[in-house]
Amino acid sequence: MAPVAAKIQDLDNNSPLLPITKRAHLNFLSTIQDPGSQRLTWYTPPLSVLVIKKISDSSVIQPFKDLITYLTVDRNMMVYIEAKVVEEDLLKEDEEFLNMKHKICVFKEGYDDISEKVDLVTCLGGDGTLLYASSLFQQSVPPILAFHMGSLGFLTPFRFENFQEQINHVLEGNCYLTLRSRLKCSIMKDSDETNIRHLKNDKSKSTILVLNEVVVDRGPSSYICNIDVFIEKRLITSVQGDGIIISTPTGSTAYAAAAGASMCHPNVPAIIITPICPHSLSFRPIVVPAGVEIKISLSPESRNSAWVSFDGRNRSEILHGDSVRITTSIYPIPSICFQDQITDWFESLAGCLNWNVRKQQKKT
């Protein structure tokens, strides 16, 4: 099945289209761009959708079945789901699901490539479900419609109660999008720049794209980390503490925020570097331009190894001579907005993190 073409449309229509994914294009203005100008428009109606649900959550089962029924019967779309969802105990003997099983296509993560087959992604769960969806696409990503059925819901702005209306609106197009940048990461042997160590649990790829953050920490060791940080091949600083977080603007409201970083809107082209419990009162989080290459390696004086994780997955040990290379990926996540880029973000800050929420001062 050939992918459906789509574009991200600029309302001013005064600049050329540049590719952002294989299904979408983005107009770049010669002046500062208004985030509200990023909209999704389908060239032709989308024909296929990937549905990702939170595993082993009984509260998601009925909405999942309702969504599958609506997409296959009412919208006549091809639906893809993962093999581990079909094998889930909660669905194995569900008669309603078994009756619709012949209408869906099943794929297995790490074995089947569906990147060219899917026009739209729908998530049922929390923020972790969206992070998982990101990990399935290591290059271009279809637009993602995320329903909030988890705990926090910072990245999942849609409610499921009126899901038919929300899906119809998206399929008709002209929706606002937030382009969430990702980080391209790899583990390399410092002694041999061409020798790339494959990431744990991902033997077929030498790089991985992350939506939130890369974390380098001391792991099980009781010693503090001693890590050197390079930007564009220059030694910037050494970290002595529990570790360091390299995050996207999307990830600035996750682990980085808990470690004291400023929260950054997803449309800001930046990378945030945040120390974890540094043994220095003057070590503050910093923001560097998107696109720079960051290298993290153990300092020669380090007493122990370090550990790295990518959006909480693929945890690997970093030894002397190893390095982690990080830069901004050219493949962002096109996240569909409930209202628009600005309103959605500030409502998430207030609703999920209680940002600047307090009782109003009484009049004298």
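Right above here is the structure, for reference.
This structure is a prediction, so every number in the text was calculated from the model and none was measured.

A count of helical and extended segments in the chain gives eight helices and 24 strands. Taking the intrachain contacts of the chain between residues at least 6 apart in sequence as the baseline, contacts between residues at least 24 apart amount to 69%. Carbon and sulfur atoms provide 51% of the accessible area of the chain, an area that totals close to 17,700 Å².

Moving on, we come to empty space enclosed by the protein. Rolled over the atoms, a probe sized like a water molecule indicates the empty space that remains. Applying the stated criterion across every chain, the model contains three cavities of 30 Å³ or more. Estimated volume of the largest cavity: approximately 130 Å³. Considering the residues around the largest cavity, the lining is formed by 13 residues, among which Phe154, Thr178, Arg180, Asp344 and Trp345 are closest to the centre. Listing elements by their share of the lining of the largest cavity, those giving two or more residues are β10 (175–180), β24 (333–336) and α8 (341–353). The element that contributes the greatest number of residues to the lining of the largest cavity is α8, accounting for four residues. When the residues that make up the lining of the largest cavity are grouped by side-chain class, the tally is seven nonpolar, four polar and two charged. Of the volumes computed, that of the second largest cavity is approximately 40 Å³. Residue lining of the second largest cavity: Ser135, Ile208, Leu209, Val210, Phe310, Asp311, Arg313 and Asn314, and that is the complete set. Mapped by element, the contributors of at least two residues to the lining of the second largest cavity are β13 (208–210) and β22 (313–318). A total of three residues in the lining of the second largest cavity trace back to one element, the largest contributor, which is β13.

Glancing now at the nonpolar core. Val51, Phe64, Ile81 and Ile167 are the most contacted members of the largest nonpolar core, which has 34 residues in total. The element that contributes the greatest number of residues to this core is helix α1 (residues 58–74), accounting for seven residues. Setting aside anything within four residues of it in sequence, one finds phenylalanine 64 in contact with Val51, Lys53, Ile81, Val85, Leu91, Phe97 and Leu124. If you look at the next biggest cluster of nonpolar residues, it comprises 28 residues, including Ile208, Cys225, Ile273 and Ala306.

This part takes up the packing of aromatic side chains. Summed over the entire model, instances satisfying the criterion amount to eight aromatic pairs. Their ring planes at 85° and their centres at 5.5 Å tell us that phenylalanine 158 and phenylalanine 338 sit as a pair that is edge-to-face. With phenylalanine 158 in the loop between β9 (144–148) and α6 (163–172) and phenylalanine 338 in the loop between β24 and α8, this pair connects stretches of sequence that are 180 residues apart. Owing to a relative accessible area of 2%, phenylalanine 158 belongs among the buried residues under this scheme. Centroid distance tryptophan 345 to phenylalanine 346: 5.1 Å. Interplanar angle 80°. Geometry classified as edge-to-face. Tryptophan 345 gets classed as buried once you look at its relative accessible area, which sits at 10%. Among the aromatic residues, ring-to-ring pairing joins Tyr70, Phe147, Phe158, Phe160, Phe163 and Phe338 into one connected group. In this structure, lysine 53 packs its charged tip against the face of phenylalanine 64, placed 5.9 Å from the ring centre.

α6 packs onto α1 with a crossing angle of 45° between their chain directions and a minimal axis gap of 11 Å. Put simply, α1 runs oblique to α6. α1 and α6 meet at a crossing whose hand is right-handed. Of the residues in α6, those in contact with Asp66, Leu67, Tyr70 and Leu71 of α1 are Phe163, Gln164, Ile167 and Asn168. The residue inventory of the contact of α1 with α6, partitioned by class, reads five nonpolar, two polar and one charged.

Right, let's get into α1. For α1, built from 17 residues, the straight-helix expectation of 24 Å at 1.5 Å per residue is met to within 8% by its first-to-last C-alpha distance of 25 Å. When we look at burial in α1, the residues that qualify are Val60, Ile61, Pro63, Phe64, Lys65, Leu67, Ile68, Tyr70, Leu71 and Thr72. Once α1 finishes, asparagine 76 follows within two positions and takes phi at roughly 55°, a positive value.

Here is what the cut-offs are and how they apply
Residues numbered from 1 in each chain as written. Predicted model: local features only at pLDDT ≥ 70, side-chain atom pairs only at ≥ 80, totals over all residues. Heavy atoms only, no water. Helix = DSSP H or I, 4+ residues; strand = E, 2+ residues; numbered from the N terminus. Contact = heavy atoms within 4.5 Å. Areas by Shrake-Rupley, 256 points an atom, 1.4 Å probe, with all protein chains shown as cover. 1 Å grid on protein atoms, 1.4 Å probe; cavity = no way out; pocket = protein on both sides within 12 Å on 5 of 7 lines; lining within 4 Å. Points joined across faces, edges and corners; volume = space filled by probe spheres on them. Nonpolar A, V, L, I, M, F, W, Y, C, P; charged D, E, K, R; others polar. Core = buried A, V, L, I, M, F, W, Y, C linked by side-chain atoms within 4.5 Å. Buried < 20%, exposed > 50% of the residue type's maximum accessible area, 1.4 Å probe, protein only. Phe/Tyr/Trp six-rings, centres within 6.5 Å; stacked < 30°, edge-to-face > 60°. Lys NZ or Arg CZ within 6 Å of the ring centre and 35° of its normal. Axes fitted to C-alpha atoms, helices over the stretch in contact; angles between N-to-C directions. Parallel < 35°, antiparallel > 145°, perpendicular 65-115°, else oblique. Left-handed = near helix turned anticlockwise from the far one by under 90°. Expected span 1.5 Å × (residues − 1).

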